[in-house]
2 protein chains.
Amino acid sequence: MEWISDSNILIVGLGLIGGSYAKGLKRLGYNITAIDSDPYAIEYALKNNIIDDGYTTPDEYVIGRADAIIIALYPEVFKKWIADNQYFLKSGAIITDVTGVKSGIVYDIQNDLRDDVEFISAHPMAGKENRGVQNSDDRIFRDANFIVVPTNKNSHKAIHWCESLAKILGFGKISVLTPSEHDKMIGFVSQLTHCIAISLMTCSDNKHLADYTGDSFRDLTRIAKINETMWSELFLLNKDFLTEEMDKFIEEFDSIKQMIKNDDVEGLKEKMRLSTERRSYFDID
Amino acid sequence: MEWISDSNILIVGLGLIGGSYAKGLKRLGYNITAIDSDPYAIEYALKNNIIDDGYTTPDEYVIGRADAIIIALYPEVFKKWIADNQYFLKSGAIITDVTGVKSGIVYDIQNDLRDDVEFISAHPMAGKENRGVQNSDDRIFRDANFIVVPTNKNSHKAIHWCESLAKILGFGKISVLTPSEHDKMIGFVSQLTHCIAISLMTCSDNKHLADYTGDSFRDLTRIAKINETMWSELFLLNKDFLTEEMDKFIEEFDSIKQMIKNDDVEGLKEKMRLSTERRSYFDID
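Residues numbered from 1 in each chain as written. Chains lettered and ligands numbered in written order. Predicted model: local features only at pLDDT ≥ 70, side-chain atom pairs only at ≥ 80, totals over all residues. Heavy atoms only, no water.

Comments concerning the overall build of chain A
For chain A, the helix and strand inventory stands at 11 helices and 8 strands. The principal-axis extent of the C-alpha atoms belonging to chain A is close to 70 × 45 × 35 Å. Looking at chain A residue by residue over its 285 residues, the buried ones come to 59%. A separation threshold of at least 6 residues defines the contact pool for chain A, and within that pool the share at least 24 residues apart is 71%. Accessible surface computed for chain A: about 11,700 Å², of which carbon and sulfur atoms make up 46%. For chain A, the distance from the average position of its 32 positive side-chain charges to the average position of its 45 negative side-chain charges is 3 Å. (Helix = DSSP H or I, 4+ residues; strand = E, 2+ residues; numbered from the N terminus. Buried < 20%, exposed > 50% of the residue type's maximum accessible area, 1.4 Å probe, protein only. Contact = heavy atoms within 4.5 Å. Areas by Shrake-Rupley, 256 points an atom, 1.4 Å probe, with all protein chains shown as cover. Lys, Arg positive; Asp, Glu negative; His and termini not counted. Charge placed at Lys NZ, Arg CZ, Asp CG, Glu CD.)

Here's the deal with the pattern of salt bridges
Tallied over the full model, the rule gives 48 salt bridges over all chains. Between Asp219 of chain A and Arg222 of chain B there is a salt bridge, with its nearest N and O atoms 3.1 Å apart. One end of the pair, Asp219 of chain A, is in helix H8 (residues 215–221); the other, Arg222 of chain B, is in the loop between helix H8 (215–221) and helix H9 (228–237), on a second chain. Since its relative accessible area comes to 14%, Asp219 of chain A is described here as buried. For Lys79 of chain B, the salt bridge identified is with Asp108 of chain B, shortest N-O distance 3.4 Å. Pair noted here: Lys79 of chain B is in helix H4 (residues 75–85) and Asp108 of chain B is in helix H5 (residues 103–112), with a separation of 29 residues, a long-range link. What makes Lys79 of chain B partly exposed here is its relative accessible area of 23%. Taking the relative accessible area as the measure of exposure, Asp108 of chain B reaches 37% and is therefore partly exposed. Each of the salt bridges in this network shares a partner with another, and the network as a whole consists of Arg131 and Glu228 of chain A together with Glu270 and Arg273 of chain B. (Salt bridge = Lys/Arg side-chain N within 4 Å of Asp/Glu carboxyl O.)

Some points on the nonpolar core
Counting 102 residues, the largest nonpolar core has Phe249 of chain A together with Phe249 of chain B as the members making the most contacts within it. If we skip the residues at most four places from it in the chain, Phe249 of chain B touches Ile196, Ser199, Leu200, Cys203, Phe249 and Phe253 of chain A together with Leu192 and Ile196 of chain B. (Core = buried A, V, L, I, M, F, W, Y, C linked by side-chain atoms within 4.5 Å.)

Focus: the state of the cysteines
Working definition: the covalent bond between the sulfur atoms of two cysteines is a disulfide. Following the criterion strictly, the structure yields 0 disulfides over all chains and no others. The thiol sulfur of Cys203 of chain A is not disulfide-bonded, and the nearest other cysteine sulfur, from Cys195 of chain B, lies at 13 Å. (Disulfide = S-S within 2.5 Å.)

Some words on the relation of the copies chain B and chain A
In summary, the two copies of the chain are related to each other by a rotation about an axis coupled with a shift along it. Mapping chain B onto chain A calls for a screw motion: a turn of 180° about the axis and a shift of 0.0 Å along it, with 0.0 Å RMSD after fitting. What the superposition gives is, in effect, a two-fold axis relating one chain to the other. Across chain B, the smallest distance between a C-alpha and the rotation axis is recorded for Leu220 of chain B, namely 2.2 Å. A shared binding surface is used by both copies, with 100% of the interface residues of chain B retained as interface residues in chain A. (Least-squares fit on C-alpha atoms with pLDDT ≥ 70 in both.)

Comments concerning the environment of Trp81 of chain B
Locating Trp81 of chain B in the fold gives a position in helix H4. In this structure, Trp81 of chain B is in contact with Val12, Ile35, Pro58, Ile63, Ile71, Leu73 and Gln86 of chain B, ignoring residues within four places of it in sequence.

Brief notes about the interface of chain B and chain A
Quite often, the size of an interface is put as the accessible area lost when its parts meet. Opposite the 81 residues of chain B that make contact, chain A presents 81 residues. Interface area for chain B against chain A, summed over the two sides, is near 8,500 Å², with a carbon-plus-sulfur share of 71%. Considering only the surface of chain B that becomes buried against chain A, Tyr212, Phe253 and Phe282 of chain B emerge as the three largest contributors, covering 10% of it. Put simply, Lys257 of chain B and Asp247 of chain A hold a salt bridge, and the shortest N to O gap is 2.5 Å. (Buried area = accessible area lost by both parts, 1.4 Å probe.)

Observations concerning the domain arrangement of chain A
All names here are of chain A. Entries for chain A in the domain assignment read domain 1 (8–177) and domain 2 (181–282). The interface of domain 1 with domain 2 comprises 18 residues on the first partner and 17 residues on the second. When the buried surface of domain 1 facing domain 2 is broken down by residue, Tyr74, Val101 and Leu177 rank first, second and third, together holding 36% of it. In this structure, the connection of domain 1 to domain 2 is made through 1 salt bridge. (Domains from an automatic or database assignment.)

Examining the sheet that holds strand S1 (residues 8–12) of chain A
All names here are of chain A. Spatially, 8 strands are ordered S3-S2-S1-S4-S5-S6-S7-S8 in an open sheet, and the strand pairing comes out mixed. Every interior strand has two partners, whereas the edge strands, strand S3 (53–55) and strand S8 (174–176), have only one. On average, adjacent strands in this sheet sit at an angle of 20° to one another, irrespective of strand direction. Across 5 bridges, strand S6 (residues 118–125) lies against strand S7 (residues 145–149) in antiparallel orientation. The residue bridging Ala122 from the neighbouring strand is Val148, located in S7. Packing against the sheet, helix H1 (residues 16–27) makes contact with S1, strand S2 (31–35), strand S4 (68–71), S6 and S7, and its axis sits at approximately 160° to S1. Those strands touched by helix H7 (residues 179–202) are S6 and S7, and its axis lies near 20° from that of S6. (Pairing = 2+ DSSP bridges. Axes fitted to C-alpha atoms, helices over the stretch in contact; angles between N-to-C directions.)

Things to note about the packing of aromatic side chains
Residues and elements named next belong to chain B. Following the criterion strictly, the structure yields 21 aromatic pairs over all chains and no others. Ring geometry for Phe146 against Phe171: centres 4.9 Å apart, planes inclined by 65°, an arrangement best described as edge-to-face. Of this pair, Phe146 sits in strand S7 (residues 145–149) while Phe171 sits in the loop between helix H6 (156–168) and strand S8 (174–176); the two residues are 25 residues apart in sequence, bridging distant segments of the chain. (Phe/Tyr/Trp six-rings, centres within 6.5 Å; stacked < 30°, edge-to-face > 60°.)

A few points about the packing of helix H10 (residues 239–261) of chain A against helix H7 (residues 179–202) of chain B
Interhelical geometry of H10 of chain A versus H7 of chain B gives an angle of 125° and a closest axis separation of 9 Å. Our classification of the angle between H10 of chain A and H7 of chain B gives oblique. H7 of chain B is crossed by H10 of chain A, and the crossing has right-handed handedness. In this structure, H10 of chain A contributes Phe249, Glu252, Phe253, Ile256 and Ile260 of chain A to the contact, and H7 of chain B contributes Leu192, Cys195, Ile196, Ile198, Ser199, Leu200 and Thr202 of chain B. (Parallel < 35°, antiparallel > 145°, perpendicular 65-115°, else oblique. Left-handed = near helix turned anticlockwise from the far one by under 90°.)

A closer look at the environment of Arg273 of chain A
Secondary-structure assignment places Arg273 of chain A in helix H11 (residues 265–280). By relative accessible area, Arg273 of chain A is classed as partly exposed at 34%. Those residues in contact with Arg273 of chain A, other than ones at most four positions away along the chain, are Glu266 of chain A together with Glu228 of chain B.

Things to note about the sheet that holds strand S6 (residues 118–125) of chain B
Residue and element names in this part refer to chain B. Pairing in this open sheet of 8 strands is mixed, and the strands run S3-S2-S1-S4-S5-S6-S7-S8 from one edge to the other. In this open sheet, the two strands that pair with only one neighbour each are strand S3 (53–55) and S8. This sheet shows a mean twist of 20° between the axes of neighbouring strands, independent of strand direction. Summarising the sheet, strand S1 (residues 8–12) and strand S2 (residues 31–35) pair through 5 bridges and their orientation is parallel. Along S2, the bridge assignment pairs Ile9 with Ile32. Of the strands in this sheet, S1, S2, strand S4 (68–71), S6 and S7 touch helix H1 (residues 16–27), which is tilted by about 160° from S1.

Considering the pairing of S6 of chain A
Residue and element names in this part refer to chain A. Burial of S6 is extensive: 8 of the 8 residues sit out of reach of the surface. Note that strand S5 (residues 94–97) and S6 share 3 bridges and pair parallel. Note that in S6 the partner of Thr96 across the bridge is Ile120. With helix H5 (residues 103–112) bridging S5 and its parallel neighbour S6, the resulting β-α-β unit is right-handed. (Right-handed = clockwise from strand over helix to strand, strands pointing away.)

As structure tokens, then:
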């Protein structure tokens, strides 16, 4: 990661993901500064040697000395942070992010941003059910997917830098997708599945069934424990792709319901054979 | 399990579950005979010391000497087996099963059965994605749920025997439910979740997305690899409860879709908070 060797990395937003970036990069020897409005997060990170330096407000000097900035904020706060603080940035600085949706964010930020700094968007597909820097752990990146999401405003150098960042943090498959390719994929793979898990937990009062559930029910609903502030923003920012995937799912689910109602054994078996075949492509064992 | 100590246990249907019962009971010292129409299954089980004795056809003498019979067949084959072979049963024999639905099976079989033998229905809630005796493993029972499903035709002695059977096989929570309580529960906890996983795999051609999926998508779709003969029978036998749960799920899923369409952030957050709270009841850590 030549661009930033011997350079200052600033992490903005020291939650689970920001903290995990900090741990991974500090372990590799980088000098890590963090800004987070929560004094407890900064205090915890300093005390546990996760960062070298920490601030609770966007300090002009601190932002101005950073060569690379990793922004790990919720989408709306992210936009506001850039609007409020971009004039403090060092000329030539590179900015990346961790946001889970892209089309509704990347173009706006690139259009508003000063011409002498570059924003290369990225999505580290890793997480945990627990929030906060105290739960951060750079092992969640190990073998996870990392998507670099450039637009035609991005330089090859920035794309390459972002791929290197993912590599040194231990990510497995590193891909490059356009914002809309990313958002369509994430609408299906991540957002649709979260909507399903939520619906399964809220569609009926099922607490009394906890005694009877096995691993498969627990597996299906693990992601139903959800950070409501972040995910409601992510859903709305990806409204078109997500509701399109939801419509397709409803249509399919309803057709299976009709087969059950109509005793259509052959139709059901055909769906199950297709399901079994397709699922085998997702095996990693 | 006093009733059958020093007695002959017959397992009918030597697949994944029948084979796992055989392994567990043989380990405990019981004498295990099996009947399965597949010569390979019998040969494999004999060779690997999973059973003491095996037959590919319902032998009158073999059935007649059994004190306890565990039937691990698909529902429709199970009904036929009882109709064809009940006159070979020893007077006083006890029969149990492993079928995943109850109302559509238990009453029919109890009504047809001779008065001098007793059928006590049970559902061991354990399984694997792979079929067959060669994948059987009695460790799948460890800490799993076991449901005894008596009707008012059953004796206390038989219910107690069935609970003991579950205990010695290592099951965790052992419960007693009526057929309709069982079927309503299983409609939600197991069948609805399988319908969701199938729909998620079949609603769009998603093979190209395999590269981008993380653990949560894999968790959600693990059960989409499904034995189509067994599950299509189970779905149809539980049609009313299952489609009722499917309707509730569709209604809830659709209301979440409407919230996304209408930018109803507060509504979404409320659903996510409820989902997070309810899911916490299902934690076992």
